[in-house]
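Chain by chain, the residues:
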Amino acid sequence: MLKPVATTFAVVLFFAVLPRSSGASEWRAASGFRSAELPVPATGKTGFTRLPPSLTGITFTNYLSDIKAAENQIRLSGSGVALGDVDGDGLCDIYFCQMEGPNALYRNLGNWRFEDVTASAGVACEGQYSTGAALVDVDGDGALDLLVNALGGGTRLFLNDGKGHFHVDGAGGHRRRWSARPLCRQLSHDDGAQHRPGHVEYQRKKGAQA
């Protein structure tokens, strides 16, 4: 008989910490994004520094019980994470998917500090086995929308109001098909492909089982 022992996948953040250069980085604006050169020192050691939850404010844990894992071992493949600026403040926010329990959206406050804004954003996605997510501007309004996939639950589309608050799209909000992790690609007229704002295609691999 299986014992209900929990299997947890703790989130541990590691960041590459590089010495600050004497001059400030200059941002270069481009179509839909901006970039800046990262100064890498010629001497010294580079690596990662572990940042504890007491510093970052991120306490998310991906939980999966042994019983649920035994029912369907595909669930052991884990969940996804999406990164992007959801509220337009220029800082990268983090969205975590979870197997058993609500997903979580953390707003970047700067200086490696984050705030859990899942409830106010409306993107918890409770009651499903979330496997992957992507932040992408689906409707062409300049704000990053959210796609969330789930085992046996298909894909859900959340539209962003530009301030980090989301609502389920009426047309493509929930497609009940097998899905794992979303793959998004920006389309332009140069690609020779037809692109309509707000239109998302969902495809299922032949022979896939939920």
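Keep in mind that what you see is a predicted model, and the values were worked out from it rather than measured.

**Student:** I keep staring at the overall build of the protein chain and nothing clicks. Help me out?
**Tutor:** Each helix and strand in the protein chain was counted, giving 3 helices and 15 strands. Here the protein chain, with 210 residues, has 34% of them falling under the buried criterion. For the protein chain, the proportion of contacts with a sequence separation of at least 24, taken over those separated by at least 6, is 51%. Surface exposure of the protein chain reaches about 13,400 Å², of which carbon and sulfur atoms provide 52%.

**Student:** Where do I start with the environment of Gly110 in this structure?
**Tutor:** Following the sequence through the fold, Gly110 ends up in strand E9 (residues 104-110). Considering only alpha carbons, one finds Gly110 and Leu91, 19 residues apart in sequence, at a separation of 7.1 Å.

**Student:** Looking at this structure, how should I read the nonpolar core?
**Tutor:** Most often, soluble globular proteins keep nonpolar side chains buried together rather than apart. In terms of nonpolar packing, the biggest core is built from 15 residues, with Tyr95, Leu105, Val123, Leu146 and Phe166 touching the most fellow members. Only strand E11 (130-136) and strand E12 (145-150) provide two or more residues apiece to this core. Beyond its immediate chain neighbours, meaning those up to four positions away, Val123 contacts Tyr95, Asn103, Leu105, Thr118, Leu146, Phe158 and Phe166. By size, the runner-up hydrophobic cluster in this structure holds 7 residues, among which are Ile58, Ile94, Ala104 and Phe114.

**Student:** So what exactly am I meant to see when it comes to the sheet that holds E9 here?
**Tutor:** For sheets, the rule is that strands pair by backbone hydrogen bonds, running either parallel or antiparallel. With antiparallel pairing, 4 strands are arranged side by side in an open sheet as E7-E8-E9-E10. Sheet topology places strand E7 (81-84) and strand E10 (113-116) at the edges, where each strand pairs with a single neighbour. This sheet shows a mean twist of 25° between the axes of neighbouring strands, independent of strand direction. Inspection of the sheet shows E9 paired to E10 by 4 bridges, in the antiparallel sense. Paired with Asn108 across the strands is Phe114, a residue of E10.

**Student:** Can you walk me through the packing of aromatic side chains in this structure?
**Tutor:** Between two aromatic rings, the relevant description is the distance of the centres plus the angle of the planes. By the definition in use, this model includes 2 aromatic pairs. Ring geometry for Phe60 against Phe96: centres 4.9 Å apart, planes inclined by 10°, an arrangement best described as stacked. Separated by 36 residues along the polypeptide, Phe60 in the loop between helix H1 (53-56) and strand E6 (61-65) and Phe96 in strand E8 (residues 93-96) bring together distant segments of the chain. Taken individually, Phe60 and Phe96 each receive the classification buried, so the pair is uniform in this respect. Seen from their ring centres, Phe96 and Tyr106 are 5.9 Å apart, and the 80° between their planes marks the pair as edge-to-face. Pair noted here: Phe96 is in strand E8 and Tyr106 is in strand E9, with a separation of 10 residues, a long-range link. Tyr106 shares its class with Phe96; the two are buried. Chaining the aromatic ring pairs together yields one cluster made of Phe60, Phe96 and Tyr106. In this structure, Arg34 is placed above the aromatic ring of Trp27, and the distance from its NZ or CZ to the ring centre is 3.9 Å. The ring of Tyr129 carries Arg75 above its face, with NZ or CZ at 4.0 Å from the centroid.

**Student:** How should I be thinking about the pattern of salt bridges in this particular structure?
**Tutor:** A side chain of one charge can pair with a side chain of the opposite charge when the charged atoms of the two come close. Scanning the model with the defined rule gives 5 salt bridges in all. The closest approach of N and O atoms between Glu71 and Arg75, which form a salt bridge, is 3.2 Å. Since its relative accessible area comes to 12%, Arg75 is described here as buried. In this structure, Arg107 and Asp89 form a salt bridge, with 3.8 Å as the shortest nitrogen-oxygen distance. Taken as a pair, Arg107 in strand E9 and Asp89 in the loop between E7 and E8 lie far apart in primary sequence, 18 residues in all. In this structure Arg107 comes out as partly exposed when scored by relative accessible area, which is 31%.

**Student:** Whenever I open this one, unusual backbone geometry confuses me. Can you help?
**Tutor:** What is expected of a backbone is that most residues other than glycine have negative phi and most peptide bonds are trans. Of note, the phi angle at Trp112 is positive, near 65°, even though the residue is not glycine. Along the chain, Trp112 falls in the loop between E9 and E10. Judged by its relative accessible area of 43%, Trp112 falls in the partly exposed class. Phi angles above zero are rare outside glycine, and Cys125 is one such case at about 55°.

Reading guide: rules and limits
Residues numbered from 1 in each chain as written. Predicted model: local features only at pLDDT ≥ 70, side-chain atom pairs only at ≥ 80, totals over all residues. Heavy atoms only, no water. Helix = DSSP H or I, 4+ residues; strand = E, 2+ residues; numbered from the N terminus. Buried < 20%, exposed > 50% of the residue type's maximum accessible area, 1.4 Å probe, protein only. Contact = heavy atoms within 4.5 Å. Areas by Shrake-Rupley, 256 points an atom, 1.4 Å probe, with all protein chains shown as cover. Core = buried A, V, L, I, M, F, W, Y, C linked by side-chain atoms within 4.5 Å. Pairing = 2+ DSSP bridges. Axes fitted to C-alpha atoms, helices over the stretch in contact; angles between N-to-C directions. Phe/Tyr/Trp six-rings, centres within 6.5 Å; stacked < 30°, edge-to-face > 60°. Lys NZ or Arg CZ within 6 Å of the ring centre and 35° of its normal. Salt bridge = Lys/Arg side-chain N within 4 Å of Asp/Glu carboxyl O.

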